[in-house]
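If you want the building blocks of each chain, they are given just below.
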Amino acid sequence: MSAFVKSKLKAARDAIAKQDYEKAREAASGVLEYEPENYHAHVFLGLAHIKLGDLGKSEQEYHKAIELNPSQVLAWQGICQVYETAGKWEQYAQTLEKLAHIYASVSDATKCAEALQKLLQIRRNESRSSRVQLAETLALLLPESPLYLVLTTLPPPDPTNPASTTIEEVQSAVHNSLPVLEELVSIYEQQENSFAQNEIIKRRTRLGAPPLDQIQRDVTLEVLSSSQLPRLYDEVSNHPNTPDELRRVTEAKLLRSKQRYLYALPVSTKVGDTKAQVAAEVERLINGMVLLKIPDELAWTLFIEGKDAASIEDYDFMLLKQYMILFKESSLTRLLTAYFDYMGIPPEEADEDEGRAPRDPNPEVDYAEIMIEAFSDLSNSILAHRIIADLYEQDADYENAIKVSESGLELVRRSEQNWGRPMKCSNQAFNVVLATSLVHLFPPKNHIRALRIIDEILSEDPHNNTALMGRGFVLQYAKRWDEAAELFGKVVKSDTDNLDQAFRAKEERAWCMAMCGRRQEATDELREVISALEELEGHDDDKARCWWKLGRCYWEMDDEHREEAYKNFVTSLKRSQTFAPAFTSLGIYYLEFLSPPDPNRASKCFQKAFELDPRESDAARRLAEGFAEEGEWDLVEVVARRTIVGEGGLEDGPEARASRRYLPINAWAWKAVGAVELTRRNHVAAIEALQIALRTDVGDHMSWVRLGEAYSKSGRFAAAIKALEHARELDPEDWISSYFIGEVQRQMGQYEDAIVAFQSILSSRPQELGVLHSLGQSFLDLGQFELTMGFSARAEASFLSAVRVSLELLEASSGFRRVVWKTIADALFHLSAFADISDDDLVQELLARVIPLVTDHPDNGLTDIVPHPLSVEGADNIPLLALQTAIVAYDYRLTLGAIDDAAKASAYSDLGAALSTFARRLVHDEKRERAQQHAISQFKEALRIEPSNDTFWVALGNATFLSQPGVCQHSYVRAIEIDNKNAATWTNLGLFYLHHEDTELANEAFYKAQTLDPDYALAWVGQGLVATANGHDKDARALFEHATTLTAIVPEADLEYATRLFTKINESTASRAASKEAFLPAFFVLDRFCKQRPQDASALHLFGLVCERVGHLSVGVDLIGRAITVLEAAYEESEDPAIERQFTIAHANVARLRLSTADYAGALESYQVATGLLPEQSDEGEVDAATQVLLAQCQFGAGLAHFKLGELPEALALFEAAMATAADQPTIRGHVVVLLAQTLWAIGTDEAKETAKAQLLQSIEYDPENLMAINTLAGMGILTDDDGLVDAALSEVLSLPLDQRHERDPERDVTYLLMQHHLAQGDTRQALSAAQKAVFAEPARTDARRSLASLALRTGESGAALATLESGSHAHGDLAELRAALALHAVALCVESAQDAPAALRLAQKAVVLSPWDRRAWEALAYIRSRGAQL
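Here is what the cut-offs are and how they apply
Residues numbered from 1 in each chain as written. Predicted model: local features only at pLDDT ≥ 70, side-chain atom pairs only at ≥ 80, totals over all residues. Heavy atoms only, no water. Helix = DSSP H or I, 4+ residues; strand = E, 2+ residues; numbered from the N terminus. Buried < 20%, exposed > 50% of the residue type's maximum accessible area, 1.4 Å probe, protein only. Contact = heavy atoms within 4.5 Å. Areas by Shrake-Rupley, 256 points an atom, 1.4 Å probe, with all protein chains shown as cover. Lys, Arg positive; Asp, Glu negative; His and termini not counted. Charge placed at Lys NZ, Arg CZ, Asp CG, Glu CD. Patch = residues over 30% accessible without salt bridge, like charges linked within 9 Å, V, L, I, M, F, W, Y side chains within 5 Å. Salt bridge = Lys/Arg side-chain N within 4 Å of Asp/Glu carboxyl O. Phe/Tyr/Trp six-rings, centres within 6.5 Å; stacked < 30°, edge-to-face > 60°. Arc of directions from axis to C-beta. Core = buried A, V, L, I, M, F, W, Y, C linked by side-chain atoms within 4.5 Å. Axes fitted to C-alpha atoms, helices over the stretch in contact; angles between N-to-C directions. Parallel < 35°, antiparallel > 145°, perpendicular 65-115°, else oblique. Left-handed = near helix turned anticlockwise from the far one by under 90°. Nonpolar A, V, L, I, M, F, W, Y, C, P; charged D, E, K, R; others polar. pLDDT = per-residue confidence, 0-100. Expected span 1.5 Å × (residues − 1).

Before going further, it helps to spend a moment on the overall build of the chain. A tally of helices and strands in the chain yields 72 helices and zero strands. When burial is assessed residue by residue, the chain has 48% of its 1431 residues classed as buried. Taking as baseline every contact in the chain between residues at least 6 positions apart, the subset at least 24 positions apart corresponds to 55%. Looking at the chain as shown, the accessible area adds up to about 71100 Å², and 50% of this sits on carbon and sulfur atoms. Within the chain, the 215 negative side-chain charges are centred at a point lying 6 Å from the centre of the 142 positive side-chain charges.

Here's what the structure looks like:
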């Protein structure tokens, strides 16, 4: 080191000592300039910076010093000071730990302890460090720490003078690490629990998360696989200073930690060794605790539950008793105590009194109830499940035994998974109980499942007697007697200690021999069993069963042994009075063998047998047959249902649903239940019962018929058809199946198929009354369906057929009069709605047959409303006569005998509906009021009988809609209260609110109706009316349009939509000459409307105007003519001025149409009629604007007719009169002037042409914005080659801005005239330029592109024409324009390239198909074909 460096370092040290830090900084910096890697210079500079407050530079200098010499403590101490001053606690803690290691490396224990002491203070401050960091620091005080050897050289702390040292905490920890271990355990326990809980919550919220138990298992495995707690628990337990209480608590924690880890480990080969190792550790802990009798319930429970015992007796009873002593309050102790008392096992220790005999159970204590109550708290105990399963099996409670066994098997499976080792004995024990219970529970229902389990048991233990017995019973029920006898024989020959099982096996073997015909051997063996049983106390049921089987053997021998059998049956009942089969056998004896038979005693025996055991199916069937013969069907149902319960036909008791996979033994019981449920209209229950019955008896024709009927009445029509078709296949001669098929087809809406089915039955059975009625109803339903679809003629034929068939039924029998007259009246009522009857003769013929039958009854009270008597002769209004006949028929139906209330209410309602319809057709107010009031009284009478029928309330509301608003609203609200999901009722209520101008409530009601049934058209109509009332015409038009597209036809929607569409197109400023396609929707809906309402003058008039716009002029003339006829008749009756005005307008319009058809005389006549009806002046001396317009049109039209007829003076006079009339109407006057000028121009003389020009110039001067006059004047200039006139006419329009020009000229007539003017002058280039400007201005207009393409073709530029047409082919133009462009496109394509001739031909053909009336399309097709022929 040079003298310079030494001097500078000394100067820096001196400056620091004098606290002259600026000078120290300069001196240290001077050293570093000369020697950059001088350690002390960096340290001094760092110290100077920190004192000067520059912590950042200080930290940098200390880092450089540390890099130069990491083992020196000066730089570390300095940077510690920097971090402490700056509050960088994490870096400060890390530096302290590094310092501790440096001090330890030089064996400076005190300095190392001081650093650790400071580090602990930092880590214990929760705002500066976490609990895990504290644990890591505490671990430095343990023996595993690299600092521990140095720290052990510290002296122990002096408890008498704690202030003598600053490292007392470290000294204490080094010399007694137990508190440190306890603190570490607390920290890690808290940290792991918190992490596990948070992780479980987080993972549960993930998409596709596994089940909660799997998440818990995964998190537990993740936490415990790296947990520090087991090691710490071991250290605490092995620590010499650990007290016994803390050691027991720690061992318990260790056990639970390892047990959780063991259960979380999966059963796989990868972790198999780990799981086995952990299991061994857990077992070691458990065994130690049990051996030392430590009262840890988990350890004892795991020890007991882990025992894989073949039977309960294999458990260590001494150990169980020790458990009971240690844990007296546990549920398992209560269960074991009751079990030991029940089994007579003394509770004392065996070694205290080994020779003590088992004590008898206390008969006053219900040990089973105690065990079951305790078992409810032991859902995870295998031992408890085994005890309870055996208990249920012994008590023959097989259903609960199955449940407990299945639960026990799940516990065994879970235990095997948790421990990673099999529990074969426990698994087999549960399977034995499960299989035995399945064999005896509702045999043979569960035998398939039982056999699978038995086979599994026998594959492991071929000599398992219980399993062999179970298989034997299964074979018995399958009537495989020899095989069953062999199995029972194996049990008999086996060396078994179970005498009950041996006796039962011998008994069953004897019974099998008896069933095989070896009755003598069977009787001998049964007597041996009986002799052995009689010597035993108890076993009453076994004795009774053996005596009964012995009696059955004698019974099957011959008649001579029947008395001996009888004695055995009686003996059986003496042994056990509750043995049901003996009662059944006695009943058969009394009924079939005793002479004379004793049915009463037999019935009592059967009843007793059935009461004791519902499985006595023979007794049950005989009882049911007896009750059926006596007509006691309720008792038949009771017997059938109890029989079903007895054979296991229900899953969970009498109230449960039928078992789905069940093959019934007693199919007759299910058939009986199905029939009873069908008569009670419980169709779902009937279907279920009949389906189960058919599982056994598939060929029962009647059951299939009943099943089909039940399906149809429950609305499952497809299934009904299948069932009935199957029934017809089983018995093709049975017409009932075909009849029900027809009924189902009728309910499905397949009316024509139903009619065919009924007619096929009537062809062989013409007098079958029910079929005739169904045929008539099918015709009626078909007519209603056809009417809704708009097929009026078909509907009329169907209604007439319904009347004809019903009359045939009346002639065949009078027993169906009420339903027949309803069918007839309904058909006539629907016929009355037709405006025109197509087959008047047939209708009159049927009415002539019906009227005498209904008009002669004495109770006719409608003479003041309906003419009496009715007569077909002289009737000019057949629909009205049909309605009157329907009213009388409905009234006649009310007089037919005593009908039930429901039918009577319907009859009153039908009569009210007919009267209400009749009232709307009447003209005379007094008679109309009588009919309406009578209708209201009929609805009220119907509601008095059936007040919960919403249809009747709606009908009453409709009848009082105008006359009694309060009653109407109440009726609709009551109907909604009864059925709030009826869209029609909500719509009626909405119309009511709309009628009374409450649009808000009306809109809510219509919205509710649309929500309930989006296809209910009238709701959309109502909402359209609401939109109209609110001024939302666009929305209203869209709503009406939607209503017309729905399936149900609503004439009002058709008319409203057509009216609004017609108005919209006429008011549109975009085009004065809208294409035909725009009017087509109105044309179709009006056509449909007028067919339904042919007397609606407004609709006929509107339809005529629409026909005018689509080009059907003659049809339009006819329609408006019909409207005029209707209006004339209406005016003659009412003389209403409004009708007169409509009549006048109709004449004016029909006159215009006649002008278009060249019927000038007819047009003139109509104009004259209209003019004659129009007033020249009103009372105030002025003519209103509407009248002026109409009069001007009539005058001008009449003038035009005179002109066409060659009557020029009259024509000119009328033209001048029209101009005078329209003087105050600029628009009308402008039109009149233009048409007058055109007429004058048509005269052809120069004077007339000049007059025409003068008229136009005068009109333009009067109205400069009259574009029609300007264009007409320009057109005259073009025709006369008067360029000045053309320029004068168009200059003002052409000078306007483009937007204003287009606004004035929506049809772009100016552009057309310019092109025509240039073409007339032969200037094709200028014409092409005008067309190009039009396309540039509006590239989306197809007519402009078509004009440009046409001009391009004229100039020979076919390529340009083709490009123009193709570039606009995707534009959303008018369909007519697109069709017109098709022909032009075809010509351009053909001219451009000969190779494209086929494509051009296809386009031309398409144009012809789309517009067959368009001459240009045909010309284009002809041209292309001619060019193709030339090529």
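There's plenty left to go through after this.
This brings us to a nonpolar patch on the surface. A surface patch of nonpolar side chains, about 270 Å² in accessible area, is lined by Phe 785, Met 789 and Phe 791. Among the structural elements, Phe 785 can be located in helix H40 (residues 769–788). The exposure class assigned to Phe 785 is partly exposed, which follows from its relative accessible area of 42%.

Time to look at the packing of aromatic side chains. This structure, assessed with the given rule, holds 28 aromatic pairs. Note on Trp 555 and Phe 593: the rings are 6.2 Å apart at their centroids and 65° apart in plane angle, and the pair reads as edge-to-face. Placement of the pair is Trp 555 in helix H28 (residues 540–557) and Phe 593 in helix H30 (residues 580–593), with a sequence separation of 38 residues. Relative accessible area serves as the criterion here: at 26%, Phe 593 is assigned to the partly exposed category. On the basis of an interplanar angle of 70° and a centroid distance of 6.3 Å, the ring pair of Trp 735 and Tyr 739 is categorised as edge-to-face. On the criterion of helical spacing, the pair formed by Trp 735 and Tyr 739 is a turn pair, its members being four residues apart in helix H38 (residues 735–747). Through pairs of rings, three or more aromatic residues link up here, namely Trp 555, Tyr 566, Phe 569, Tyr 589, Tyr 590 and Phe 593.

Those residues of helix H19 (residues 367–375) not exposed but buried are Tyr 367, Ala 368, Met 371, Ala 374 and Phe 375. End-on, the buried residues of H19 take up no more than an arc of 135°, which puts them together on one face.

Going through the model one piece at a time under the given rule, you end up with 61 salt bridges. Its salt-bridge partner being Glu 677, residue Arg 641 comes within 2.1 Å of it at the nearest N-O pair. Pair noted here: Arg 641 is in helix H33 (residues 633–646) and Glu 677 is in helix H34 (residues 667–679), with a separation of 36 residues, a long-range link. For Arg 641, a relative accessible area of 33% translates into the label partly exposed. Look at the salt bridges and you will find they share partners, linking Arg 504, Glu 507, Glu 508, Asp 542, Arg 545 and Lys 549 into a network.

As a rule of thumb, nonpolar side chains are buried together in soluble globular proteins. Among the nonpolar cores identified, the biggest contains 111 residues, and Leu 707, Val 803, Trp 821, Ile 824, Leu 828, Leu 847 and Ile 887 are the most heavily contacted of them. The greatest single-element share of this core, amounting to ten residues, is contributed by helix H44 (residues 878–894). Residues in contact with Ile 824, not counting those within four places in the same chain, are Val 803, Ser 806, Leu 807, Leu 810 and Val 850. Residues Ala 109, Ile 187, Val 282 and Met 371 belong to the second largest nonpolar core, which totals 105 residues.

Take the packing of helix H18 (residues 331–343) against helix H20 (residues 382–394) next. Remark: H18 packs on H20, axes separated minimally by 11 Å, with the N-to-C direction vectors making an angle of 40°. Between H18 and H20, the crossing angle belongs to the class labelled oblique. Crossing hand, H18 versus H20: left-handed. Along its contact with H18, which presents Leu 332, Leu 335, Leu 336, Tyr 339 and Tyr 342, the element H20 presents Leu 383, Ala 384, Ile 387, Ile 388, Leu 391 and Gln 394. A breakdown of the residues in the contact of H18 with H20 according to their chemical character gives ten nonpolar, one polar and no charged.

Okay, the confidence of the model for the chain next. When pLDDT is low, close inspection of the predicted coordinates is not appropriate. Per-residue pLDDT for the chain averages 83, and the proportion of residues at 70 or more is 91%. The least confident element of the chain is helix H65 (residues 1298–1304), whose mean pLDDT is 65; the most confident is helix H22 (residues 424–440), at 93. Counting interchain partners and residues more than four positions distant, the pLDDT-below-50 stretch residues 652–656 has four contacts. Scored below 50 in pLDDT, residues 1069–1074 makes 13 contacts in the model with residues more than four places away or belonging to other chains.

As a further point, take a negative patch on the surface. The grouping of Asp 836, Asp 839, Asp 840, Asp 841 and Glu 845 at the surface amounts to a negative patch. Relative to the helices and strands, Asp 840 resides in helix H43 (residues 840–855).

Moving on, we come to unusual backbone geometry. Pro 443 connects to Pro 444 through a cis peptide bond whose omega is 0°. With respect to the helices and strands, Pro 444 occurs in the loop between H22 and helix H23 (447–460). Note the cis peptide between Ser 595 and Pro 596, where omega equals -5°. Within the secondary structure, Pro 596 is located in the loop between H30 and helix H31 (599–612). A positive phi angle, near 60°, is found at Ser 107, a position not held by glycine. By the element assignment, Ser 107 lies in the loop between helix H6 (89–105) and helix H7 (109–124). With a relative accessible area of 56%, Ser 107 lands in the exposed category.

A word on helix H35 (residues 683–696). For H35, with 14 residues, the first-to-last C-alpha span of 21 Å sits near the 20 Å given by 1.5 Å per residue. Tucked inside the fold, the buried residues of H35 contact H34 and helix H36 (701–713).

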